[in-house]
Amino acid sequence: MTEFDILYFAPGLPSHGEKARAAFAEGTLLINGNRIGIPMSGIGVTLGGFNHDQLFLFWHQEEGRHAISPADANALAQLVATAPAPLAGLLQGARKDASRKQRRSRFGLGLLGLFLLLPLLLVGVLVWQSHAIAGWAAGHISIENERKLGELAFKQATAGLKLREGGVDAAAIQEIGARLTKGSKYAYKWYVAEDPAINAFAVPGGYVVVNTGLIQAADSAEEVAGVLAHEVQHIELRHTLKNMAHSLGLRVALSLFLGDVGSSALGDMAARLSELRFSRELESESDRLGLLALKRAGIAPLGMVSFFDKLGRQEGAAPPALLSTHPASRERMQTLQAMIAEQGEWPAQPLPYDWNAVKTAAQ
Ligand SMILES: [Zn+2]
(Lines give C-alpha, C1' and ligand atoms only; values in the text may rest on other atoms or scores of the structure.)
Protein backbone atom coordinates (compact mmCIF):
# COMPACT_ATOMS: atom_id res chain seq x y z
CA MET A 1 0.00 0.00 0.00
CA THR A 2 1.45 3.33 -1.09
CA GLU A 3 0.57 6.35 0.99
CA PHE A 4 0.88 9.88 -0.37
CA ASP A 5 0.53 13.40 1.05
CA ILE A 6 -2.72 15.20 0.43
CA LEU A 7 -4.73 18.21 1.47
CA TYR A 8 -8.09 17.13 2.78
CA PHE A 9 -11.16 19.33 2.36
CA ALA A 10 -14.35 18.49 4.23
CA PRO A 11 -17.10 20.17 6.24
CA GLY A 12 -15.61 21.25 9.54
CA LEU A 13 -12.03 21.38 8.24
CA PRO A 14 -10.11 24.61 7.41
CA SER A 15 -11.09 26.01 4.01
CA HIS A 16 -7.49 25.77 2.77
CA GLY A 17 -7.52 22.05 3.61
CA GLU A 18 -5.83 19.91 6.20
CA LYS A 19 -2.64 17.92 5.66
CA ALA A 20 -3.29 14.18 5.64
CA ARG A 21 -2.03 10.89 4.13
CA ALA A 22 -4.05 8.88 1.65
CA ALA A 23 -3.81 5.50 -0.06
CA PHE A 24 -5.86 3.12 -2.17
CA ALA A 25 -6.49 -0.35 -0.78
CA GLU A 26 -8.96 -3.11 -1.54
CA GLY A 27 -10.97 -0.97 -3.97
CA THR A 28 -11.47 1.94 -1.63
CA LEU A 29 -9.75 5.15 -0.52
CA LEU A 30 -8.09 5.40 2.89
CA ILE A 31 -7.46 8.75 4.56
CA ASN A 32 -5.08 8.61 7.50
CA GLY A 33 -5.65 4.87 7.47
CA ASN A 34 -9.47 5.11 7.64
CA ARG A 35 -11.72 3.82 4.86
CA ILE A 36 -14.02 6.49 3.55
CA GLY A 37 -16.57 3.87 2.65
CA ILE A 38 -17.37 5.24 -0.81
CA PRO A 39 -16.98 3.00 -3.88
CA MET A 40 -14.55 4.10 -6.60
CA SER A 41 -17.47 4.80 -8.91
CA GLY A 42 -18.68 7.41 -6.42
CA ILE A 43 -15.48 9.45 -6.63
CA GLY A 44 -15.23 12.23 -9.21
CA VAL A 45 -12.19 14.04 -10.58
CA THR A 46 -12.07 17.77 -11.15
CA LEU A 47 -9.58 20.58 -11.68
CA GLY A 48 -9.51 23.58 -9.37
CA GLY A 49 -7.17 26.03 -7.73
CA PHE A 50 -5.94 29.43 -8.92
CA ASN A 51 -5.11 28.40 -12.47
CA HIS A 52 -7.59 25.51 -12.65
CA ASP A 53 -4.71 23.12 -12.96
CA GLN A 54 -4.85 21.53 -9.49
CA LEU A 55 -6.28 18.04 -9.34
CA PHE A 56 -9.05 17.13 -6.87
CA LEU A 57 -10.83 13.88 -6.07
CA PHE A 58 -14.26 14.54 -4.62
CA TRP A 59 -17.24 12.67 -3.29
CA HIS A 60 -20.32 13.34 -1.24
CA GLN A 61 -21.10 12.08 2.23
CA GLU A 62 -24.08 12.79 4.42
CA GLU A 63 -22.65 16.01 5.93
CA GLY A 64 -21.52 17.39 2.56
CA ARG A 65 -18.78 17.48 -0.08
CA HIS A 66 -15.35 15.97 0.63
CA ALA A 67 -12.28 16.39 -1.54
CA ILE A 68 -8.58 15.61 -1.52
CA SER A 69 -5.79 17.07 -3.59
CA PRO A 70 -2.24 15.67 -3.89
CA ALA A 71 0.12 17.89 -1.87
CA ASP A 72 2.92 17.89 -4.47
CA ALA A 73 4.04 16.47 -7.80
CA ASN A 74 5.35 13.33 -6.10
CA ALA A 75 2.02 12.69 -4.41
CA LEU A 76 0.20 13.31 -7.68
CA ALA A 77 2.37 10.72 -9.43
CA GLN A 78 1.69 8.18 -6.71
CA LEU A 79 -2.03 8.91 -6.75
CA VAL A 80 -2.20 8.36 -10.51
CA ALA A 81 -0.01 5.25 -10.35
CA THR A 82 -2.03 3.52 -7.62
CA ALA A 83 -5.61 4.62 -8.41
CA PRO A 84 -7.79 1.64 -9.39
CA ALA A 85 -10.31 1.65 -12.27
CA PRO A 86 -12.52 3.48 -13.08
CA LEU A 87 -10.77 6.36 -11.26
CA ALA A 88 -7.53 5.77 -13.23
CA GLY A 89 -9.25 6.57 -16.53
CA LEU A 90 -10.78 9.79 -15.16
CA LEU A 91 -7.37 10.83 -13.80
CA GLN A 92 -5.68 10.39 -17.18
CA GLY A 93 -8.21 12.71 -18.83
CA ALA A 94 -7.92 15.30 -16.05
CA ARG A 95 -4.10 15.37 -16.19
CA LYS A 96 -4.14 16.09 -19.91
CA ASP A 97 -6.58 18.92 -19.23
CA ALA A 98 -4.34 20.28 -16.49
CA SER A 99 -1.18 20.35 -18.58
CA ARG A 100 -3.09 22.13 -21.38
CA LYS A 101 -4.24 24.74 -18.89
CA GLN A 102 -0.73 25.12 -17.49
CA ARG A 103 0.62 25.77 -20.97
CA ARG A 104 -2.09 28.35 -21.54
CA SER A 105 -1.33 30.06 -18.23
CA ARG A 106 2.40 30.15 -19.02
CA PHE A 107 1.52 31.79 -22.34
CA GLY A 108 -0.66 34.28 -20.44
CA LEU A 109 2.20 35.08 -18.08
CA GLY A 110 4.48 35.52 -21.09
CA LEU A 111 2.10 38.08 -22.58
CA LEU A 112 1.76 39.89 -19.27
CA GLY A 113 5.56 40.01 -18.98
CA LEU A 114 5.82 41.44 -22.46
CA PHE A 115 3.38 44.22 -21.60
CA LEU A 116 5.32 45.02 -18.44
CA LEU A 117 8.57 45.01 -20.37
CA LEU A 118 7.25 47.09 -23.27
CA PRO A 119 7.95 50.49 -21.66
CA LEU A 120 11.48 49.30 -20.84
CA LEU A 121 11.94 48.15 -24.42
CA LEU A 122 10.69 51.50 -25.69
CA VAL A 123 13.10 53.38 -23.44
CA GLY A 124 15.83 51.05 -24.68
CA VAL A 125 15.01 51.85 -28.30
CA LEU A 126 14.89 55.56 -27.42
CA VAL A 127 18.33 55.43 -25.81
CA TRP A 128 19.72 53.35 -28.66
CA GLN A 129 18.29 55.59 -31.37
CA SER A 130 18.31 58.81 -29.35
CA HIS A 131 20.94 60.59 -31.45
CA ALA A 132 19.02 59.88 -34.63
CA ILE A 133 15.68 60.85 -33.04
CA ALA A 134 17.11 64.02 -31.49
CA GLY A 135 18.77 64.94 -34.78
CA TRP A 136 15.50 64.45 -36.62
CA ALA A 137 13.52 66.40 -33.99
CA ALA A 138 16.06 69.25 -33.93
CA GLY A 139 15.96 69.39 -37.72
CA HIS A 140 12.18 69.88 -37.61
CA ILE A 141 12.02 72.63 -34.97
CA SER A 142 11.04 75.96 -36.54
CA ILE A 143 13.41 78.91 -36.18
CA GLU A 144 10.69 80.63 -34.16
CA ASN A 145 10.42 77.74 -31.70
CA GLU A 146 14.18 77.45 -31.56
CA ARG A 147 14.33 81.13 -30.64
CA LYS A 148 11.76 80.62 -27.84
CA LEU A 149 13.60 77.58 -26.50
CA GLY A 150 16.89 79.49 -26.81
CA GLU A 151 15.49 82.45 -24.91
CA LEU A 152 14.46 80.17 -22.04
CA ALA A 153 17.81 78.38 -22.05
CA PHE A 154 19.68 81.70 -22.27
CA LYS A 155 17.84 83.05 -19.20
CA GLN A 156 18.65 79.87 -17.29
CA ALA A 157 22.26 79.71 -18.45
CA THR A 158 23.02 83.33 -17.56
CA ALA A 159 20.97 83.53 -14.35
CA GLY A 160 24.01 84.11 -12.13
CA LEU A 161 26.08 86.18 -14.60
CA LYS A 162 26.51 89.94 -14.87
CA LEU A 163 25.81 90.64 -18.55
CA ARG A 164 26.49 93.78 -20.57
CA GLU A 165 25.36 94.92 -24.00
CA GLY A 166 27.02 98.33 -23.72
CA GLY A 167 30.64 99.50 -23.45
CA VAL A 168 33.57 99.62 -25.86
CA ASP A 169 34.22 95.88 -25.45
CA ALA A 170 30.57 94.83 -25.97
CA ALA A 171 30.33 97.14 -29.00
CA ALA A 172 33.42 95.50 -30.56
CA ILE A 173 32.03 92.01 -29.93
CA GLN A 174 28.69 93.00 -31.49
CA GLU A 175 30.32 94.48 -34.60
CA ILE A 176 32.69 91.56 -35.17
CA GLY A 177 29.82 89.12 -34.52
CA ALA A 178 27.53 90.91 -36.97
CA ARG A 179 30.21 90.69 -39.70
CA LEU A 180 30.62 86.96 -39.10
CA THR A 181 26.89 86.20 -39.19
CA LYS A 182 25.81 88.49 -42.02
CA GLY A 183 22.90 86.89 -43.93
CA SER A 184 22.16 84.34 -41.18
CA LYS A 185 18.61 83.19 -40.52
CA TYR A 186 19.19 83.92 -36.82
CA ALA A 187 18.87 87.34 -35.22
CA TYR A 188 22.01 87.24 -33.10
CA LYS A 189 22.41 88.89 -29.71
CA TRP A 190 25.90 89.42 -28.30
CA TYR A 191 26.72 89.84 -24.64
CA VAL A 192 29.79 90.41 -22.52
CA ALA A 193 29.71 88.58 -19.17
CA GLU A 194 31.81 90.03 -16.36
CA ASP A 195 33.57 86.78 -15.57
CA PRO A 196 37.38 86.29 -15.43
CA ALA A 197 37.15 82.70 -16.74
CA ILE A 198 38.52 82.48 -20.30
CA ASN A 199 35.34 81.28 -21.98
CA ALA A 200 32.60 82.02 -24.49
CA PHE A 201 29.48 80.04 -25.32
CA ALA A 202 26.59 79.98 -27.75
CA VAL A 203 22.92 79.28 -26.98
CA PRO A 204 20.46 78.02 -29.65
CA GLY A 205 18.48 80.71 -31.40
CA GLY A 206 21.41 83.17 -31.68
CA TYR A 207 22.67 84.11 -28.21
CA VAL A 208 26.43 84.43 -27.78
CA VAL A 209 28.11 85.22 -24.46
CA VAL A 210 31.79 86.26 -24.27
CA ASN A 211 33.49 86.53 -20.88
CA THR A 212 35.64 89.56 -20.03
CA GLY A 213 38.32 86.98 -19.17
CA LEU A 214 38.47 85.88 -22.81
CA ILE A 215 38.78 89.49 -24.05
CA GLN A 216 41.61 90.03 -21.54
CA ALA A 217 43.43 86.91 -22.75
CA ALA A 218 43.22 87.91 -26.42
CA ASP A 219 46.04 89.93 -27.98
CA SER A 220 44.00 91.17 -30.93
CA ALA A 221 40.45 91.52 -32.21
CA GLU A 222 41.30 88.79 -34.76
CA GLU A 223 41.84 86.29 -31.94
CA VAL A 224 38.39 87.00 -30.51
CA ALA A 225 36.94 86.90 -34.04
CA GLY A 226 38.39 83.39 -34.43
CA VAL A 227 36.59 82.20 -31.30
CA LEU A 228 33.32 83.88 -32.32
CA ALA A 229 33.51 82.48 -35.88
CA HIS A 230 33.77 79.00 -34.37
CA GLU A 231 31.12 79.47 -31.66
CA VAL A 232 28.40 80.71 -34.03
CA GLN A 233 28.75 77.53 -36.10
CA HIS A 234 27.42 75.58 -33.10
CA ILE A 235 24.27 77.71 -33.50
CA GLU A 236 24.16 77.73 -37.32
CA LEU A 237 24.61 73.94 -37.50
CA ARG A 238 22.23 73.43 -34.55
CA HIS A 239 24.85 71.43 -32.63
CA THR A 240 23.72 72.80 -29.27
CA LEU A 241 20.06 72.39 -30.16
CA LYS A 242 20.62 68.75 -31.13
CA ASN A 243 22.56 68.15 -27.96
CA MET A 244 19.75 69.70 -25.91
CA ALA A 245 17.08 67.75 -27.81
CA HIS A 246 19.06 64.60 -27.12
CA SER A 247 19.50 65.18 -23.39
CA LEU A 248 16.05 66.64 -22.91
CA GLY A 249 14.42 63.90 -24.97
CA LEU A 250 16.10 61.25 -22.86
CA ARG A 251 15.29 63.08 -19.65
CA VAL A 252 11.65 63.46 -20.68
CA ALA A 253 11.43 59.81 -21.75
CA LEU A 254 13.05 58.66 -18.51
CA SER A 255 11.00 60.98 -16.30
CA LEU A 256 7.80 59.80 -17.99
CA PHE A 257 8.91 56.24 -17.42
CA LEU A 258 9.86 56.86 -13.80
CA GLY A 259 6.80 59.05 -13.21
CA ASP A 260 8.98 62.04 -12.35
CA VAL A 261 7.63 64.62 -14.77
CA GLY A 262 8.13 67.56 -12.44
CA SER A 263 11.92 67.84 -12.76
CA SER A 264 13.19 70.94 -14.49
CA ALA A 265 15.24 69.17 -17.11
CA LEU A 266 15.72 72.31 -19.23
CA GLY A 267 16.97 74.34 -16.29
CA ASP A 268 19.49 71.70 -15.28
CA MET A 269 20.89 71.39 -18.74
CA ALA A 270 20.86 75.12 -19.56
CA ALA A 271 22.97 75.74 -16.47
CA ARG A 272 25.68 73.56 -18.03
CA LEU A 273 25.57 75.06 -21.54
CA SER A 274 28.93 76.79 -21.13
CA GLU A 275 30.51 73.40 -20.34
CA LEU A 276 28.90 71.61 -23.26
CA ARG A 277 31.30 69.30 -25.09
CA PHE A 278 30.85 68.22 -28.68
CA SER A 279 32.38 65.36 -30.57
CA ARG A 280 35.65 65.92 -32.40
CA GLU A 281 33.74 65.73 -35.71
CA LEU A 282 31.36 68.55 -34.73
CA GLU A 283 34.25 70.69 -33.45
CA SER A 284 36.15 70.14 -36.65
CA GLU A 285 33.06 71.04 -38.68
CA SER A 286 32.73 74.28 -36.66
CA ASP A 287 36.44 75.06 -37.22
CA ARG A 288 36.07 74.59 -40.97
CA LEU A 289 32.86 76.62 -41.35
CA GLY A 290 34.15 79.22 -38.87
CA LEU A 291 37.16 79.68 -41.12
CA LEU A 292 34.89 80.22 -44.14
CA ALA A 293 32.91 82.77 -42.12
CA LEU A 294 36.15 84.65 -41.41
CA LYS A 295 36.94 84.54 -45.13
CA ARG A 296 33.49 85.91 -46.10
CA ALA A 297 33.87 88.67 -43.49
CA GLY A 298 37.35 89.55 -44.81
CA ILE A 299 38.98 88.86 -41.42
CA ALA A 300 42.46 87.35 -41.18
CA PRO A 301 42.31 83.69 -40.06
CA LEU A 302 45.53 83.39 -38.08
CA GLY A 303 43.96 84.68 -34.85
CA MET A 304 41.91 81.47 -34.73
CA VAL A 305 45.08 79.39 -34.52
CA SER A 306 47.21 81.73 -32.43
CA PHE A 307 44.60 82.11 -29.67
CA PHE A 308 44.03 78.39 -29.08
CA ASP A 309 47.72 77.72 -29.53
CA LYS A 310 48.56 80.33 -26.91
CA LEU A 311 45.99 79.01 -24.42
CA GLY A 312 47.29 75.49 -24.99
CA ARG A 313 50.83 76.58 -24.09
CA GLN A 314 49.76 78.45 -20.97
CA GLU A 315 51.35 77.09 -17.83
CA GLY A 316 49.01 76.86 -14.88
CA ALA A 317 47.18 74.56 -12.53
CA ALA A 318 43.81 74.66 -14.27
CA PRO A 319 43.47 75.02 -18.05
CA PRO A 320 41.11 77.79 -19.23
CA ALA A 321 37.41 76.79 -19.46
CA LEU A 322 37.45 77.29 -23.23
CA LEU A 323 40.18 74.67 -23.59
CA SER A 324 38.28 72.07 -21.60
CA THR A 325 35.56 72.17 -24.27
CA HIS A 326 37.89 73.03 -27.17
CA PRO A 327 41.21 71.25 -26.69
CA ALA A 328 44.10 72.90 -28.52
CA SER A 329 45.44 69.49 -29.49
CA ARG A 330 48.32 69.34 -31.96
CA GLU A 331 46.01 67.47 -34.32
CA ARG A 332 43.38 70.24 -34.22
CA MET A 333 45.96 72.99 -34.71
CA GLN A 334 47.56 71.17 -37.64
CA THR A 335 44.17 70.56 -39.25
CA LEU A 336 43.35 74.26 -38.84
CA GLN A 337 46.64 75.29 -40.44
CA ALA A 338 45.98 72.91 -43.33
CA MET A 339 42.46 74.29 -43.80
CA ILE A 340 43.84 77.84 -43.91
CA ALA A 341 46.50 76.82 -46.44
CA GLU A 342 43.83 75.14 -48.56
CA GLN A 343 41.75 78.35 -48.72
CA GLY A 344 44.73 80.39 -49.87
CA GLU A 345 45.24 83.97 -48.83
CA TRP A 346 42.26 86.27 -48.85
CA PRO A 347 42.10 90.05 -48.68
CA ALA A 348 41.79 91.06 -45.03
CA GLN A 349 41.90 94.49 -43.40
CA PRO A 350 43.04 94.58 -39.78
CA LEU A 351 39.98 94.91 -37.52
CA PRO A 352 39.60 98.61 -36.68
CA TYR A 353 39.78 98.49 -32.89
CA ASP A 354 42.15 99.94 -30.38
CA TRP A 355 42.55 96.59 -28.67
CA ASN A 356 44.09 98.06 -25.52
CA ALA A 357 41.01 100.29 -25.09
CA VAL A 358 38.75 97.25 -25.56
CA LYS A 359 40.74 95.33 -22.93
CA THR A 360 40.57 98.24 -20.53
CA ALA A 361 36.78 98.32 -20.91
CA ALA A 362 36.66 94.62 -20.16
CA GLN A 363 38.49 95.00 -16.84
ZN1 LIG B 1 33.19 74.32 -30.37
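Being a predicted model, the structure only gives us computed values, none of them experimental.

Novice: Just to check I follow, could you spell out helix α1 (residues 73-82) for this structure?
Specialist: Since the α-helix packs 3.6 residues into each turn, any two residues three or four apart lie on the same face. What α1 keeps buried is the set Ala75, Leu79 and Val80. For α1, the buried positions fall inside an angular range of 135° around the axis, keeping them on one side. Within α1, the exposed residues directed more than 90 degrees away from the buried face are Ala73, Asn74 and Ala81. Where α1 begins, the capping side chain belongs to Asp72, and its oxygen is found 3.2 Å from the backbone nitrogen of Asn74.

Novice: I tried to follow the sheet that holds strand β3 (residues 28-31) on my own but got confused; where do I start?
Specialist: The strands making up a sheet are joined through hydrogen bonds of the backbone, oriented either antiparallel or parallel. A sheet is described by the order of its strands in space; here seven strands give the open sequence β4-β3-β2-β1-β7-β6-β5, paired in antiparallel fashion. If you trace the sheet from one side to the other, it starts and ends with β4 (34-35) and β5 (44-48), each paired once. Where α1 meets the sheet, it contacts β1 (4-9), β2 (18-25), β6 (54-61) and β7 (64-70), and its direction lies at approximately 95° from that of β1.

Novice: Explanation requested: the nonpolar core in the structure shown.
Specialist: As a rule of thumb, nonpolar side chains are buried together in soluble globular proteins. In this structure, Ile176, Leu180, Leu214, Leu228, Leu294 and Phe307 are the most contacted members of the largest nonpolar core, which totals 48 residues. At eight residues, the largest contribution of residues to this core is made by helix α7 (residues 221-236). Every residue in contact with Leu228, bar those within four places of it in the chain, is listed here: Ile173, Ile176, Gly177, Leu180, Trp190, Val208 and Val210. Residues Ala22, Ile36, Leu57 and Ala94 belong to the second largest nonpolar core, which totals 25 residues.

Novice: So what exactly am I meant to see when it comes to the coordination of the zinc ion here?
Specialist: Protein-derived coordination of the zinc ion comes from His230 (NE2), His234 (NE2), Glu283 (OE) and His326 (NE2), at a distance range of 1.9 to 2.1 Å. Viewed at the metal, the four donor atoms of the zinc ion are separated by angles of 83 to 140°, and the geometry they form is irregular. For the zinc ion, the single-chain donor residues occur in sequence as H-x3-H-x48-E-x42-H. Of the two residues, Glu283 sits in helix α10 (residues 280-297) while His326 sits in the loop between α12 (321-325) and α13 (330-343), which places them 43 residues apart along the sequence. Under the relative-accessibility criterion, His326 is labelled buried at 4%.

Novice: How should I be thinking about the sheet that holds strand β11 (residues 207-211) in this particular structure?
Specialist: Pairing is mixed across the open sheet formed by four strands, whose spatial order is β8-β9-β11-β10. Where the open sheet ends on each side, the last strands, each with one partner, are β8 (163-164) and β10 (200-203). Where β10 lies against β11, four bridges are found, and the strand directions are antiparallel. Across the sheet, the residue bridging to Ala200 is Val210, located in β11. Contacts from helix α4 (residues 143-157) reach β8, β9 (189-193), β10 and β11 within the one sheet, and its direction differs from that of β11 by about 25°. Most of the contacts of helix α5 (residues 168-180) go to β9, to which it runs at about 145°, and overall it touches β8, β9 and β11.

Reading the values: the criteria
Residues numbered from 1 in each chain as written. Predicted model: local features only at pLDDT ≥ 70, side-chain atom pairs only at ≥ 80, totals over all residues. Heavy atoms only, no water. Buried < 20%, exposed > 50% of the residue type's maximum accessible area, 1.4 Å probe, protein only. Helix = DSSP H or I, 4+ residues; strand = E, 2+ residues; numbered from the N terminus. Arc of directions from axis to C-beta. Polar contact = N/O pair within 3.5 Å; in protein donor to acceptor, adjacent residues only side chain to side chain. Pairing = 2+ DSSP bridges. Contact = heavy atoms within 4.5 Å. Axes fitted to C-alpha atoms, helices over the stretch in contact; angles between N-to-C directions. Core = buried A, V, L, I, M, F, W, Y, C linked by side-chain atoms within 4.5 Å. Donors = N, O, S within 2.8 Å, 3.2 Å for Na, K, Ca; no water. Tetrahedral: all angles 85-135°; square planar, octahedral: opposite > 155°, others 65-115°.

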